[in-house]
Amino acid sequence: MSDTIAEAIPAATLVLFRERGGVPELLFVERSKAMVFAGGALVFPGGRIDPGDRALALELGGDPDDMAARIGAIRETIEEVGVGVGLSDMAPATLAKLRAGLHRGEAIGAVLDALALTLDPAALTAFARWLPAHAHMRIFDTRFYLAQLPADAPEPVVDDTENVRVFWSTAQGVLDDADAGRVRIIFPTRRNLERLAQFHSFGAAAAHAASYEIRAVTPWVESRDGADHLCIPDDLGYPVTSEAISAALRG
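All values derive from a computational prediction rather than experimental measurement.

Student: What's the story with helix 5 (residues 171–179) in this structure? I'm lost.
Tutor: Residue pairs spaced three or four apart in an α-helix point in one direction, given the helix's 3.6 residues per turn. What helix 5 keeps buried is the set Ala171, Val174, Leu175 and Ala178. Looking down the long axis of helix 5, one finds its buried residues gathered within 100° of arc, a one-sided arrangement. Tucked inside the fold, the buried residues of helix 5 contact strand 2 (25–31), strand 3 (42–43), strand 7 (163–169) and helix 6 (187–196). Positive phi appears at Gly181, one or two residues downstream of helix 5, with a value of about 80°.

Have a look at this one:
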């Protein structure tokens, strides 16, 4: 059997923070069990970067891959849960029209122009990039971004296609639920939640992210204490950098 690694699919995801005086909550969606990738798992809103994201990125300038990923993370969050970030108008009626256009398959730049909207990708803070390299599985080259929930944002509403549930929870709350077997989280999500659980505000998380290089995290397998572990680098801000491969969910 061939061990050829599939070409990675560029993707982006958005970790959305809601602060209400205590530990910040993050927005999660539960993937449909029918989905090939991470079926039934909890993830942050996100998905593939599409040609419309790349076209708009070229118009806005800057690093084209980073810009396209920022746009893709914003677009996917609108499509999946109806919440916008970095838009010049956050009114629920405007967001509903934008979401409807995106669901019809229209390019994000065209829908923004039709609604006389502008987009500010700088509303997102780069956090991480994950690029697995395991054979016989679909691979995503995923850029993670952080953002604050806009003050006038509507309540999230799940799209009921790829996802079946949307909810707010603290990072530690989801880790505790996963440890108790109540929910499923894949290896990258667990590592990112452990990292995010260290912070008591969006500002602290964003400052932490800015202090580390954004370098692709490609997990590898090595033997530790007589058992195979899935490992990641120890210089990118993650408090936990290995997990027994027998326990790791990989997608």
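Student: It is not clear to me how the packing of helix 5 against helix 6 should be interpreted in this structure. Could you clarify?
Tutor: When two helices pack together, their arrangement is given by the angle between the helix axes and the distance between those axes. Where helix 5 meets helix 6, the closest approach of the two axes is 8 Å, and the angle between their N-to-C directions is 135°. Our classification of the angle between helix 5 and helix 6 gives oblique. With respect to the hand of their crossing, helix 5 and helix 6 are arranged in left-handed fashion. Of the residues in helix 6, those touching helix 5 at Ala171, Val174, Leu175, Ala178 and Asp179 are Arg190, Leu193, Glu194 and Leu196. Residue composition of the contact of helix 5 with helix 6, grouped by class: six nonpolar, no polar and three charged.

Student: What's the story with the pairing of strand 7 in this structure? I'm lost.
Tutor: Walk down a regular strand and you will see the side chains alternate between the two sheet faces. With five of its seven residues buried, strand 7 lies for the most part within the structure. In the sheet, strand 2 pairs with strand 7 via six bridges, with the strands oriented antiparallel. Paired with Phe28 across the strands is Phe167, a residue of strand 7.

Student: For this particular structure, what's the right way to read empty space enclosed by the protein?
Tutor: Using the criterion set out here, one finds one cavity of 30 Å³ or more in the structure. Here the largest cavity is characterised by a volume of approximately 60 Å³. Forming the boundary of the largest cavity are Phe127, Ala128, Arg129, Arg195, Tyr212, Glu213, Ile214, Arg215, Val217, Leu236 and Tyr238. Considering each element in turn, the lining of the largest cavity owes the most residues, three residues, to strand 5 (residues 125–130). For the lining of the largest cavity, the per-class residue count stands at seven nonpolar, no polar and four charged.

Quick notes on the rules
- Residues numbered from 1 in each chain as written.
- Predicted model: local features only at pLDDT ≥ 70, side-chain atom pairs only at ≥ 80, totals over all residues.
- Heavy atoms only, no water.
- Buried < 20%, exposed > 50% of the residue type's maximum accessible area, 1.4 Å probe, protein only.
- Helix = DSSP H or I, 4+ residues; strand = E, 2+ residues; numbered from the N terminus.
- Arc of directions from axis to C-beta.
- Contact = heavy atoms within 4.5 Å.
- Axes fitted to C-alpha atoms, helices over the stretch in contact; angles between N-to-C directions.
- Parallel < 35°, antiparallel > 145°, perpendicular 65-115°, else oblique.
- Left-handed = near helix turned anticlockwise from the far one by under 90°.
- Nonpolar A, V, L, I, M, F, W, Y, C, P; charged D, E, K, R; others polar.
- Pairing = 2+ DSSP bridges.
- 1 Å grid on protein atoms, 1.4 Å probe; cavity = no way out; pocket = protein on both sides within 12 Å on 5 of 7 lines; lining within 4 Å.
- Points joined across faces, edges and corners; volume = space filled by probe spheres on them.

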